Amino acid sequence: MKVSVVGAAGYTGGELLRLVHGHPELELVQAISRRYAGRPVSEVHPNLHHLGLTFHAPPELDRVSIAFLAVSMGAAAELEAGVGERAETIVDLSPDFRAGARSATGIEYKTGLPELFADELAGATRISVPGCMATAAILALEPIQRAGLVSGDVVVDARTGSSGSGAEPTPASHHAERGQAFRVYRPAGHRHEAEIAELAGVRARMTVTAVPAVRGVQVICHVTPPRPVTRQEVLRILQRAYRDRPFVRVVARGRGVHRMPDPQFLSGSNFVDIGCVVDADGGRIVLVAALDNLVKGAAGGGVQSLNVASGLAEDAGLGFPGLHPA
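Residues numbered from 1 in each chain as written. Predicted model: local features only at pLDDT ≥ 70, side-chain atom pairs only at ≥ 80, totals over all residues. Heavy atoms only, no water.

Engineer: How should the side chain of N307 be read in this particular structure?
Structural biologist: Considering the arrangement of structural elements, one finds N307 in helix α8 (residues 295-310). Of the polar contacts made by the side chain of N307, one reaches the backbone oxygen of A316; its length is 3.1 Å. (Helix = DSSP H or I, 4+ residues; strand = E, 2+ residues; numbered from the N terminus. Polar contact = N/O pair within 3.5 Å; in protein donor to acceptor, adjacent residues only side chain to side chain.)

Pasting the structure below:
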């Protein structure tokens, strides 16, 4: 199946190029960028020098089976009609068509989260991948909510690396300002709260902190259960929920340095790791989830969703396990 990546000059776009190129069933035919049209892809993505690709301008988009949209907020909704005339399937990585933020276009996009919505994704030709921090929180919380162990609001304390701000520099992402910062840049009201509410069925109170890392998302979710619980009970719920899902790993280690999920070991991979602890009195569940924001939280989640929609093996082209040490 022929694939074009629109918005290929960004960090998510670069990951899409990498993953599509290595996919056994996909053929990468175009990298689309308004800003870099006519220039080599390796000028922006030096790790992809071996591909020998050149960026094309948006009007040059060929007819393809699949178009990935890795563009900024608002741009996907504007491009949708034109891209839809040239691509049979669109996978959108922007916020424009996500749960909790339906676009004014009225076009229905299926949620690109196969762990929860594989049946709805089958045969889908319009797919929207949830946000990176939302993906981590939803996958941690949804099985616990479904088991009836959530009472009241959930506190989601999220931290994210600098690549989550995109490739375009801003005063806040300048290294002198960002390099050593632990900046609480969204203490309340983050747009991911709506996604988490709709897809996990909980009311989330979310805080986001920018940390001195390039890749990675980690969320810590504080849940008050309606009755006392044990860690083993919570772990069993998570393990049952994801026993047949190839990219969710339940971390249940009781000792060692790496007892809780850490995004540094997930760089480049499509895995999400989930762990938990429970207070001694059983009155609080603390869920920890980690992923690579550019892969499972964006490009990899898009490819995984496309695999499911197209009837391919869910893990096709996504086998890289991450690195240690990182």
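This is not the end of the story, as more comes after the structure.
Engineer: Explain unusual backbone geometry to me, please; I cannot follow it from the model alone.
Structural biologist: Excluding glycine, residues mostly have negative phi values, and the peptide bonds linking residues are mostly trans. With an omega dihedral of -5 degrees, the bond running from H324 to P325 counts as a cis peptide bond. Relative to the helices and strands, P325 is located in the segment after α8.

Engineer: Could you clarify how one ought to interpret the pairing of strand β2 (residues 27-32) in this entry?
Structural biologist: In regular strands, side chains alternate between the two faces of the sheet. Across five bridges, the pairing between strand β1 (residues 2-6) and β2 is parallel. Note on β2: the bridge partner recorded for S4 is Q30. Following the backbone out of β1, through helix α1 (residues 11-21) and into the adjacent parallel β2, one traces a crossover that is right-handed. Where β2 lies against strand β3 (residues 55-56), two bridges are found, and the strand directions are parallel. Considered in β3, the bridge of I32 is made with H56. (Pairing = 2+ DSSP bridges. Right-handed = clockwise from strand over helix to strand, strands pointing away.)

Engineer: Even after reading the chapter, I still don't get the sheet that holds strand β11 (residues 217-223), so can you show me in this structure?
Structural biologist: Pairing between sheet strands relies on hydrogen bonds along the backbone, with the strands arranged either parallel or antiparallel. On the basis of which strands lie adjacent, the open sheet formed by seven strands has the order β9-β10-β8-β11-β14-β13-β12 and mixed pairing. The sheet is open, and its two edges are formed by β9 (183-186) and β12 (248-250), each paired on a single side. Looking at each pair of strands side by side, their axes are set apart by 25 degrees on average, direction ignored. (Axes fitted to C-alpha atoms, helices over the stretch in contact; angles between N-to-C directions.)

Engineer: Where do I start with the pairing of strand β10 (residues 204-210) in this structure?
Structural biologist: The buried count for β10 comes to five of seven residues, which makes it a mostly enclosed element. In the sheet, strand β8 (residues 154-160) pairs with β10 via seven bridges, with the strands oriented parallel. In the strand pairing of β10, R159 is matched with T209. Of the strand pairs in this sheet, β9 and β10 are connected by three bridges, and their pairing is antiparallel. Its bridge partner being in β10, V184 is matched across the sheet by T209. (Buried < 20%, exposed > 50% of the residue type's maximum accessible area, 1.4 Å probe, protein only.)

Engineer: Explain the packing of helix α4 (residues 132-146) against helix α6 (residues 192-200) here, please?
Structural biologist: For any two helices packed against each other, the geometry is given by the interaxial angle and the distance between the axes. Closest axis-to-axis distance for the α4/α6 pair is 9 Å, and the angle between their directions is 30 degrees. Of the possible angle classes, the one that applies to α4 and α6 is roughly parallel. α6 is crossed by α4, and the crossing has right-handed handedness. Here α4 contributes C132, M133, A134, A137, I138, L141, E142 and Q145 to the contact with α6, which in turn contributes H192, E195, I196, L199 and A200. (Parallel < 35°, antiparallel > 145°, perpendicular 65-115°, else oblique. Left-handed = near helix turned anticlockwise from the far one by under 90°. Contact = heavy atoms within 4.5 Å.)

Engineer: Where do I start with helix α2 (residues 75-84) in this structure?
Structural biologist: The periodicity of an α-helix, 3.6 residues per turn, causes residues three or four places apart in sequence to face the same way. Buried within α2 are the following residues: A75, A76, E80 and V83. The buried residues of α2 all sit within an arc of 135 degrees when viewed along its axis, so they share a single face. Away from its buried face by more than 90 degrees, α2 exposes E78 and A81. Those residues of α2 that are buried lie in contact with β4 (64-69), β5 (87-92) and β7 (126-128). (Arc of directions from axis to C-beta.)

Engineer: Please explain the environment of L287 as it appears in this structure.
Structural biologist: Structurally, L287 is set in strand β14 (residues 285-291). A sequence separation of 68 residues divides L287 from V219, and the C-alpha atoms of the two residues are 8.0 Å apart. Apart from the residues lying within four places of it in its own chain, the contact partners of L287 are A140, L141, I144, V219, I220, C221, V223, V234, L238, G275 and C276.

Engineer: Before we go on, may I ask you to explain the packing of aromatic side chains in this structure?
Structural biologist: Here the distance between the centres and the angle between the planes together describe a pair of aromatic rings. With the rule as written, the count across this model stands at three aromatic pairs. With a centroid separation of 6.0 Å and 40 degrees between ring planes, the pair formed by Y36 and F55 is classed as tilted. Pair noted here: Y36 is in the loop between β2 and β3 and F55 is in strand β3, with a separation of 19 residues, a long-range link. The class of F55 is buried, set by a relative accessible area of 2%. (Phe/Tyr/Trp six-rings, centres within 6.5 Å; stacked < 30°, edge-to-face > 60°.)

Engineer: Would you explain the sheet that holds β5 in this entry?
Structural biologist: Strand order in the open sheet made by the seven strands is β3-β2-β1-β4-β5-β7-β6, with parallel pairing throughout. Of all strands in the sheet, those with a lone pairing partner are β3 and β6 (110-111), marking the two edges. Sheet topology note: the β1/β4 ladder contains four bridges and is parallel. Bridge pairing links S4 to A67 in β4.

Engineer: Is there a simple way to explain the UniProt feature "active site" (unreviewed entry) in the chain in this structure?
Structural biologist: Sequence positions flagged by UniProt for "active site" (unreviewed entry) are, in local numbering, C132. As for its placement among the helices and strands, C132 is situated in helix α4. Owing to a relative accessible area of 14%, C132 belongs among the buried residues under this scheme. The residues touching C132, leaving out its near neighbours within four places in the chain, are H192, V217, L291, N293 and G297. (UniProt positions renumbered as here; feature names shortened; annotations may be inferred.)

Engineer: Got a minute to help me understand the nonpolar core in this structure?
Structural biologist: As a rule of thumb, soluble globular proteins bury nonpolar side chains together. The biggest cluster of nonpolar side chains holds 43 residues, and the ones touching the most others in it are L141, I196, V219 and L287. Of all the secondary structure elements, the ones that give two or more residues to this core are α4, β8, α6, β10, β11, α7 (231-242), β13 (272-278) and β14. With ten residues, the single largest contributor to this core is α4. For this core, the two domains that each supply at least three residues are domain 1 (2-129 + 298-310) and domain 2 (132-291). Discounting residues that sit within four places of it in the chain, L141 has contacts with V154, V156, I196, A200, V202, C221, V223 and L287. In terms of nonpolar packing, the next biggest core, distinct from the first, is built from 39 residues, V5, F271, L306 and L318 among them. (Core = buried A, V, L, I, M, F, W, Y, C linked by side-chain atoms within 4.5 Å. Domains from an automatic or database assignment.)

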